[in-house]
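Summary of the model geometry
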Amino acid sequence: MKLFGRTAAPTRAPCCSSISKASARPLSVRVLGAAAPATMVEPASIAELSRAEQLGKDQDAVRATVKEYYGETLKTSNDLRTSACTACKAPPPAVRAALADVPTEVKEKFYGCGNPIPAGIEGLRVLDLGCGSGRDCYVAAKLVGEKGSVTGVDMTPAQLEVAISHADAYCRDKLGYGKSNMTFIQGEIEYLDRAGLEDSSFDLVISNCVINLSPDKARVLSECYRVLAPGGEMHFSDVYVDRRLPQSVRSHPVLLGECLAGALYNNDFIRLCRKVGFTDPRQLECEEIQIHDAELRDQVGEARFYSITYRLFKVPGQIEDLCEDYGQVAVYKGTIPGHSHAYDLDDHHRFVTNKPMLVCGNTASMVGESWLAPHFTIIGDRAVHYGQFDCSGPKTTTGGAASPSNSAGACGPGGACC
């Protein structure tokens, strides 16, 4: 047999004579191709997340701590001891304009860490996980317009009471709608099914500094994937850390309430996303969190925490775990409100209006087969594959902070564009 002009030695099965007499014993016969499949062994940290034990084995105790902290301990955002649960940078103009009309009580009980509401969402069905007093729901209610809808889910009655109390008057008097386009549901974000939320019933899932508080983060992400319609997106801000935290930090009640104890190591978060179906997480913004309290700073040691906004797209069968080159080009039309000159898909994909940009298959799907599709033109398809896409260009963060992990944030050879 010849291979590229050279004679290739035929392969041979090992013969019995190669076994020493000392080890000779009856051998079981195994048919080629019939071997039992190998069992995949998860890394300990991912297995712990899969078992919902990152914050301990008693999930009810974790939820009780969170309910007490946000329902009773904190009266306003001024009571917080770190900057983790307050927005780290000014929101975009459209959000600032919408915030001006949001009732004061709703804003005072806001404990978010970022800006999870993208522009251009008019007419979309939006779900807010852990909506609290509803600040982001109120903003989204204006941005989606009267034909869109916003659903907020939270487990804390005291917070929901505030959200519900102002909804009708806000939509009628401030927005001029015939009726409220907001719905608030008491429920746990791990069990959206129990809250009555159906498969593929939302176009956009947002969340603001809440998932870190969940004792079962794997189920939260899995449920979000389930309720998103094909072409939908999970666009959310949360707290992450540059290393795996010790049990002493993860079991600290104040650090839990301040959104630090439950922060995921960024690489583990990306692994978890891929496991549940969000194959190529994209980082949009990153801001380092400041811990003002000396006691809490000492408790966390050298760990550094970040508020990061991620984008997770659901385009079934199209988003791969690596960036592949199909020769596709994306052109942004400049039609997203507030982004007439350019649009940032993530921290290293900036689309200049009307300028063709060579993109990997994943990026083409994110902008061409999602809710963003009306704003982009995609040239080319996946008929021809040209190998791995070169995503090794310079990486920046719009917030200016260093990325919490080079391996998680880099887009070098062998990785996706996360």
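Report on the accompanying structure. (Residues numbered from 1 in each chain as written. Predicted model: local features only at pLDDT ≥ 70, side-chain atom pairs only at ≥ 80, totals over all residues. Heavy atoms only, no water.)

Further remarks concern the pattern of salt bridges. All chains considered together, the criterion is met by 17 salt bridges. For the salt bridge of Asp136 with Arg135, the shortest nitrogen-to-oxygen distance reads 3.1 Å. Like Arg135, Asp136 is buried. Residue Arg282 is joined to Asp280 by a salt bridge in which the shortest nitrogen-to-oxygen separation is 3.1 Å. Exposure remark for Arg282: the relative accessible area of 0% places this residue in the buried category. The class of Asp280 is buried, set by a relative accessible area of 2%. Here the residues in one salt-bridge network are Asp199, Glu223 and Arg226, joined through shared partners. (Salt bridge = Lys/Arg side-chain N within 4 Å of Asp/Glu carboxyl O. Buried < 20%, exposed > 50% of the residue type's maximum accessible area, 1.4 Å probe, protein only.)

You can see Pro116 is positioned in the loop between helix 4 (104–108) and strand 3 (125–129). What makes Pro116 buried here is its relative accessible area of 1%. In this structure the C-alpha to C-alpha distance between Pro116 and Asp136, which are 20 residues apart in sequence, comes to 8.2 Å. Once you skip the residues sitting within four places of it in the chain, Pro116 turns out to touch Asp136, Ile206, Ser207, Asn208, His235, Phe236 and Ser237. (Helix = DSSP H or I, 4+ residues; strand = E, 2+ residues; numbered from the N terminus. Contact = heavy atoms within 4.5 Å.)

Right, let's talk about the packing of helix 7 (residues 217–227) against helix 10 (residues 266–276) for a bit. Running from N to C, helix 7 and helix 10 point in directions that differ by 45 degrees, and their axes come no closer than 9 Å. Considered as vectors, helix 7 and helix 10 are oriented oblique to each other. Regarding helix 7 and helix 10, the two cross each other, and that crossing is right-handed. Contacts from Lys217, Ala218, Leu221, Ser222 and Tyr225 in helix 7 reach Phe269, Leu272, Cys273 and Val276 in helix 10. Partitioned by chemical class, the residues of the contact of helix 7 with helix 10 number 7 nonpolar, 1 polar and 1 charged. (Axes fitted to C-alpha atoms, helices over the stretch in contact; angles between N-to-C directions. Parallel < 35°, antiparallel > 145°, perpendicular 65-115°, else oblique. Left-handed = near helix turned anticlockwise from the far one by under 90°. Nonpolar A, V, L, I, M, F, W, Y, C, P; charged D, E, K, R; others polar.)

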